[in-house]
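Results of the structural survey
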Amino acid sequence: MDERHPKRKKDKFNPYVLSVDNKEYYVSFSDGQGVWHKEKISRELYELFDQFELEDISQLNANSRHEEHSELTEVTLNKRILVQPEPMEDGVYRNIMYEQLHTAIGKLPYIQRRRVLLYYFGGYTYERIAEMEGCTKMAIKFSIDIAIKKLRKLLCNNLI
């Protein structure tokens, strides 16, 4: 049976393939004219090639972790320049607001909370939520509108 290392990541410049066939060791390679050769080698030489491959893979992985894998063209560099990072204060304020909203949603009655979450965060329509709950679209809309009024009141009380 011909045994190879098919799952190994290889350098594109690696010129050979190692294999074992009936407990005999081979190295296969293509010469300058593109002719494929398969040569029998000793176990020791096979193990040296194998060890070299493993070290090469390790080096490829180390290089890959430290390389940037994005396309660096004039267009992408210009986009990076134009997109300014968010000021720290804005990020902190947004996180505080999310926390307050999460807390306020948690204070809603279970049915209203579920419907608000399905509509605003789940992307469901009034019709789809009504189907799921076996009621009318208007009942869902009314329930969500009431929940939004409660959320406004809760959030406004927190901000003052």
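Only a predicted model underlies this, so the values are computations on that prediction, with no experimental measurement involved. (Residues numbered from 1 in each chain as written. Predicted model: local features only at pLDDT ≥ 70, side-chain atom pairs only at ≥ 80, totals over all residues. Heavy atoms only, no water.)

**Let's talk about the pairing of strand E2 (residues 16-21)**
Inspection of the sheet shows E2 paired to strand E3 (residues 24-30) by 6 bridges, in the antiparallel sense. Looking across to E3, one finds that Ser 19 is bridged to Tyr 26. Counting the residues that bridge the hairpin from E2 to E3 gives 2 residues, and of these Asn 22 lies at a positive phi of roughly 55°. (Pairing = 2+ DSSP bridges. Helix = DSSP H or I, 4+ residues; strand = E, 2+ residues; numbered from the N terminus.)

**A closer look at the nonpolar core**
If you look at the biggest cluster of nonpolar residues, it comprises 14 residues, and the most contacted ones within it are Leu 108, Val 116, Ile 140, Ile 144 and Leu 151. Breaking this core down by element, the ones donating at least two residues are helix H3 (88-106), helix H4 (110-121), helix H5 (126-133) and helix H6 (137-159). The greatest single-element share of this core, amounting to 6 residues, is contributed by H6. In contact with Leu 108, other than residues within four places in its own chain, are Arg 113, Val 116, Ala 147, Lys 150 and Leu 151. With 7 residues, the next largest nonpolar core counts Tyr 16, Val 20, Tyr 25 and Ile 41 among its residues. (Core = buried A, V, L, I, M, F, W, Y, C linked by side-chain atoms within 4.5 Å. Buried < 20%, exposed > 50% of the residue type's maximum accessible area, 1.4 Å probe, protein only. Contact = heavy atoms within 4.5 Å.)

**Topic: H4**
Here H4 spans 16 Å end to end across 12 residues, near enough to the 16 Å set by a 1.5 Å rise per residue. Every buried residue belonging to H4 is among Gln 112, Arg 115, Val 116 and Leu 118, and all of these are buried. The arc enclosing the buried residues of H4, seen along the axis, measures out at 165°, which places them on a common side. Counted as exposed and oriented over 90 degrees from the buried face of H4: Tyr 110 and Phe 121. Positive backbone phi, approximately 80°, marks Gly 123, located one or two places after H4. (Expected span 1.5 Å × (residues − 1). Arc of directions from axis to C-beta.)

**Describing the side chain of Arg 115**
Mapped onto the elements, Arg 115 comes out in helix H4. What makes Arg 115 buried here is its relative accessible area of 12%. Within the local environment of Arg 115, its side chain forms a polar contact with the side chain of Glu 133, the two groups lying 2.6 Å apart. Not counting residues within four places of it along the chain, the set of residues in contact with Arg 115 comprises Ile 129, Glu 133, Cys 135, Ala 139, Ile 140, Ser 143 and Ile 144. (Polar contact = N/O pair within 3.5 Å; in protein donor to acceptor, adjacent residues only side chain to side chain.)

**What about the pattern of salt bridges?**
Evaluated as defined, the whole model comprises 8 salt bridges. Glu 131 serves as the salt-bridge partner of Arg 128, at 3.3 Å between the closest nitrogen and oxygen. On the criterion of helical spacing, the pair formed by Arg 128 and Glu 131 is a turn pair, its members being 3 residues apart in helix H5. Each member of the salt-bridge network shares a partner with another, and the members are Arg 114, Arg 115 and Glu 133. (Salt bridge = Lys/Arg side-chain N within 4 Å of Asp/Glu carboxyl O.)

Without other data, these values stay purely geometric and don't point to any function.
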